[in-house]
Amino acid sequence: MNQHVPNPAAAATFDIEGMTCASCVSRVEKALLKVDGVTSASVNLATERATVSGGNADALLKAVEKVGYKASLRPVATPRRDHAHHHDEDAAILKRDVMLAALLTLPLFVLEMGGHLYVPFHHWLMGAVPMQWLYIAYFVLSTIVLFVPGRRFFALGIPALLRGAPEMNSLVALGAGAAWLYSSVVTFAPHLVPAETRYVYFEAAAVIVTLILVGRWLEALAKGRTGQAIRQLVQQQAKTARVERAGITVELPVEDVRVGDIILVRPGEKVAVDGEIVEGASHIDESMISGEPLPVSKTVGAVVVGGTLNTSGSFRFRATKVGGDTMLAQIIRMVEDAQGGKLPIQAVVDRITAWFVPIVIGLAVLTFLVWFFVGPEPRLSYSLVNAVAVMIIACPCAMGLATPMSIMVGTGRAAQLGVLFRKAEALQQLRDAQVVAFDKTGTLTEGKPVLTDLILDDDFSHDEVLALIAAVEARSEHPIATAIVAAAERAGLVLGTVTDFSSNPGTGVTARVDGRLVAVGAQRHMQHLDFTDFAKDIERLADEGKTPVFVAIDDKLAAAVVVADTIKPSSKAVIAALHAMGLRTAMISGDNSRTARAIAAQLGIDEVQAEVLPADKVRAIKALRADNRLVAYVGDGINDAPALAEADVGIAVGNGTDAAIESADVVLLGGDLRRVLDALAVSRATLRNIWENLFWAFGYNALLIPIAAGILYPAFGILLSPMIGAGAMAMSSVFVVGNAQRLRSVKGVGR
């Protein structure tokens with residue numbers, strides 16, 4: 001199996017802790033870009049990772065810490081074996097904090113809100129407990145909630161506010177903190193506020209913190225599921241290997257295997273690393289790489305891939321790639337890189353969210369002032385409650401997660417389908433493609449000539465003719481000769497003894513086989529013979545774009561032989577499916593125009609670029625791009641590399657060459673052309689999912705911020721409680737993360 005996956009472009013990757021919203025992403029990116037030598041920096045909220053080109057690692061770490069976050073350099077040599085994202089730890093910590101906050105908030109909520117919902121309960125409570133004692137109890141409960149499980153909001157939000165760079169935690173800290181501080185003043189220094197405004201909002205502060213913690217806990221749980229595709233790949237890695245060292249076989253951790261080691265693999269075991277079989281034979285399940293369900297036969301000299309499963313015999317193989325160089329490790333890195341990438345649409349979102357939190361704080365201040373100066377009594381209470389509601393309802397978290405969560409789940413699902421997006425941008429570009437162009441040889445076709453037609457004269461039999469021409473062609477290394485000999489071997493024919501062999505370059509060959517005179521070649525090689533009986537067949541083959549080779553036996557025309565590169569079984573169905581998706585198709589081929597058009601007609605391809613030399617493929621791509629059409633190009637050979645790079649989206653068939661794959665944006669593992677359809681399905685589903693998330697995130701804020709500010713109060717008397725705002729804000733992030741999870745169920749249309 002000749003598959004290769006390229007190393008990613010050199011760049012430092014950092015894990016970032018403490019980011020909670022899109023404003024955090026913007027802040028970290030700006031800090032990294034200011035470091036000397038940095039040429040680019042991309043920060044992803046979903047993966048909580050930064051990818052930086054240039055700059056000194058220590059300086060980058062300090063820059064991140066300076067703006068209030070923690071960073072650690074991520075090793076790139078070998079993917080982490082457990083690949084357990086710290087979201088799993090976050091979920092456990094958040095669950096603990098949610099339980100504590102809920103335990104303390106519940107009695108506070110019941111005591112305060114119960115009286116509003118059931119008036120007799122209010123009268124009973126006022127008679128049973130002095131108001132001041134009740135307020136003190138509220139103060140104690142809410143203080144614990146805010147500054148123990150809710151401490152994170154203040155620890156992160158207040159310093160960010162003081163640095164003049166407020167973010168999501170700042171909004172929560174300001175909103176909940178303002179409600180708590182005002183209530184504390186009413187409780188312990190009531191003379192500082194007018195008598196008509198002496199209300200406490202301890203329950204609002206506590207409920208706000210509790211609900212937002214619940215939202216973050218649910219978000220962390222969902223994020224933990226997001227990396228499932230990567231974890232499944234990592235779990236394919238073998239943990240140990242049976243290695244021959246100093247004449248004995250020892251079991252070592254796979255990390256200790258070195259290039260050149262001889263490794264023994266027994267039935268039922270995983271292949272530890274990439275290598276080449278030196279002894280034995282077996283059948284290996286390579287479905288994780290190729291998608292093919294049936295085990296592949298392997299003998300001496302065959303390539304084996306780390307992580308695949310040995311199903312039958314034992315064998316020994318020499319390690320050729322270990323650690324981060326194995327195909328599986330590179331696939332994992334490729335998926336990680338794509339998951340951490342950004343789409344062009346994200347740049348617009350980032351610009352908006354960079355200003356979002358300051359604007360929200362400004363709107364909250366404006367809301368306070370409007371209610372304070374023109375609102376009804378008690379003005380101070382109304383001003384405070386509505387300003388807090390504006391700060392709490394706003395949710396840059398959902399905006400920041402809308403795109404990266406979809407990319408993370410979408411690229412992970414694509415990897416499970418055998419489609420590797422080397423660049424996240426390819427998701428958006430592939431969705432927008434209008435033309436899908438294919439290289440012919442090895443992409444639409446099998447890439448090797450086979451005997452497709454043997455048209456016989458009535459006086460000769462199939463096996464008789466095939467055995468005679470195979471005996472003659474066995475002397476040649478021409479691809480046509482190789483295909484004829486292979487056909488005879490498959491038929492189990494015995495080849496005769498060849499004498500008097502002579503070749504006429506450009507026309508054909510002549511020889512005697514067991515005494516019979518055999519001539520094989522073009523029509524001009526045997527012009528003295530009568531071709532009348534084959535005239536109709538010659539015309540039909542020409543219409544099909546096929547050029548026959550003729551056979552004469554004992555100076556009588558015996559057969560017309562056609563050797564051709566056959567079309568892959570899936571090619572026609574793939575072209576039809578692309579048409580059903582509304583896409584045009586094209587084929588780029590070096591064949592003569594008649595042959596290329598005949599094959600295109602068989603497949604139903606719309607446009608043909610024929611007689612194209614390898615050096616001219618880039619020009620062919622540019623021609624297809626006429627009228628500003630976006631072109632995706634599918635190829636597998638080394639001569640496809642320039643075209644793959646020139647196309648808007650280059651798609652490399654994964655059993656092709658390194659050069660082709662290095663130039664591509666998308667890699668199809670296993671060479672199954674149906675995975676083009678899977679790539680398109682994932683691309684379209686992911687972009688649709690992103691737009692759904694963005695519509696929700698921006699629509700939510702556009703609708704609810706004015707309501708929180710009290711715009712419905714003059715006409716309908718409706719105000720939005722800060723507690724309802726907290727619940728809605730928490731659920732908006734959960735909605736975005738949950739909606740992204742739906743991409744895990746995208747079905748491969750190529751199946």
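Owing to the predicted nature of the structure, the values given are computational and were not obtained by experimental measurement.

Points about the domain arrangement of the chain
Next up, step 1: For the chain, the domain assignment lists domain 1 (11–78), domain 2 (84–225), domain 3 (243–319), domain 4 (329–411 + 681–750), domain 5 (424–444 + 568–664) and domain 6 (446–566).
Next up, step 2: With centres defined by C-alpha atoms, the gap from domain 2 to domain 6 works out at 88 Å.

What to know about the sheet that holds strand S7 (residues 262–265)
Next up, step 1: Strand order in the open sheet formed by 6 strands is S6-S5-S7-S13-S8-S11, with antiparallel pairing between adjacent strands. Each edge of the sheet is formed by a strand with only one pairing partner; in this case those strands are strand S6 (248–253) and strand S11 (303–304).
Next up, step 2: Strand direction decides the pairing type here: strand S8 (residues 274–280) and S11, joined by 2 bridges, are antiparallel. Bridging across to S11, Gly-275 finds its partner in Val-304.

What to know about the pattern of salt bridges
Next up, step 1: Evaluated as defined, the whole model comprises 27 salt bridges.
Next up, step 2: Among the salt bridges present, the one from Arg-629 reaches Glu-607, with a minimum N-O distance of 2.9 Å. Remark: Glu-607 occurs in strand S23 (residues 607–609) and Arg-629 occurs in the loop between helix H22 (617–624) and strand S24 (631–635); sequence separation between them is 22 residues. Note on accessibility: Arg-629 and Glu-607 belong to one class, buried.
Next up, step 3: Taken together, the salt bridges that share partners define one network made up of Arg-242, Glu-251, Arg-266 and Glu-269.

As for the environment of Ser-282
Next up, step 1: Mapped onto the elements of the fold, Ser-282 is located in strand S9 (residues 282–285).
Next up, step 2: With 157 residues separating them in the primary sequence, Ser-282 and Asp-439 have C-alpha atoms 34 Å apart.
Next up, step 3: Look past the residues within four positions of Ser-282 in its chain and what remains in contact with it is Val-296, Ser-297, Lys-298, Asn-310, Thr-311, Ser-312, Gly-313 and Phe-315.
Next up, step 4: Within the local environment of Ser-282, its side chain forms a polar contact with the side chain of Ser-312, the two groups lying 3.3 Å apart.

Things to note about the packing of helix H6 (residues 151–162) against helix H7 (residues 168–188)
A packed helix pair is summarised by two numbers, namely the angle formed by the two axes and the spacing between the axes.
Next up, step 1: Two elements in contact, H6 and H7, have axes whose closest approach is 7 Å; the angle formed by their N-to-C orientations is 110 degrees. Here H6 is positioned roughly perpendicular relative to H7, judged by the angle of their axes. Here H6 contributes Arg-152, Phe-153, Phe-154, Leu-156, Gly-157, Ile-158, Ala-160 and Leu-161 to the contact with H7, which in turn contributes Asn-169, Ser-170, Val-172, Ala-173, Leu-174 and Gly-177.
Next up, step 2: Considered class by class, the residues forming the contact of H6 with H7 number 9 nonpolar, 4 polar and 1 charged.

Topic: helix H5 (residues 131–147)
Next up, step 1: Compared with the 24 Å implied by 1.5 Å per residue over 17 residues, the 24 Å span of H5 between its first and last C-alpha is a close match.
Next up, step 2: All of the buried residues in H5 are Leu-134, Tyr-135, Tyr-138, Leu-141, Ser-142, Val-145 and Leu-146. All buried residues of H5 lie within an arc of 130 degrees about the axis, which places them on one face of the element.

What to know about the UniProt feature "transmembrane region" (unreviewed entry) in the chain
Next up, step 1: Within this structure's numbering, the places UniProt gives as "transmembrane region" (unreviewed entry) are residues 98–119, 131–150, 171–193, 199–218, 352–374, 380–403, 694–713 and 719–738.
Next up, step 2: Along residues 131–150 one finds 85% helix and 0% strand; the C-alpha atoms at either end are 26 Å apart.
Next up, step 3: Across residues 694–713 one finds 85% helix and 0% strand; the C-alpha atoms that close the span lie 28 Å apart.

Quick notes on the environment of Asp-555
Next up, step 1: Secondary-structure assignment places Asp-555 in the loop between strand S20 (549–553) and strand S21 (556–567).
Next up, step 2: You can call Asp-555 partly exposed: its relative accessible area is 47%.
Next up, step 3: Taking the C-alpha atoms as reference points, Asp-555 and Met-526, separated by 29 residues in sequence, lie 8.8 Å from one another.
Next up, step 4: When sequence neighbours within four positions are dropped, the list of residues in contact with Asp-555 reads His-528 and Leu-529.

Cut-offs used in this document
- Residues numbered from 1 in each chain as written.
- Predicted model: local features only at pLDDT ≥ 70, side-chain atom pairs only at ≥ 80, totals over all residues.
- Heavy atoms only, no water.
- Domains from an automatic or database assignment.
- Pairing = 2+ DSSP bridges.
- Helix = DSSP H or I, 4+ residues; strand = E, 2+ residues; numbered from the N terminus.
- Salt bridge = Lys/Arg side-chain N within 4 Å of Asp/Glu carboxyl O.
- Buried < 20%, exposed > 50% of the residue type's maximum accessible area, 1.4 Å probe, protein only.
- Contact = heavy atoms within 4.5 Å.
- Polar contact = N/O pair within 3.5 Å; in protein donor to acceptor, adjacent residues only side chain to side chain.
- Axes fitted to C-alpha atoms, helices over the stretch in contact; angles between N-to-C directions.
- Parallel < 35°, antiparallel > 145°, perpendicular 65-115°, else oblique.
- Nonpolar A, V, L, I, M, F, W, Y, C, P; charged D, E, K, R; others polar.
- Expected span 1.5 Å × (residues − 1).
- Arc of directions from axis to C-beta.
- UniProt positions renumbered as here; feature names shortened; annotations may be inferred.

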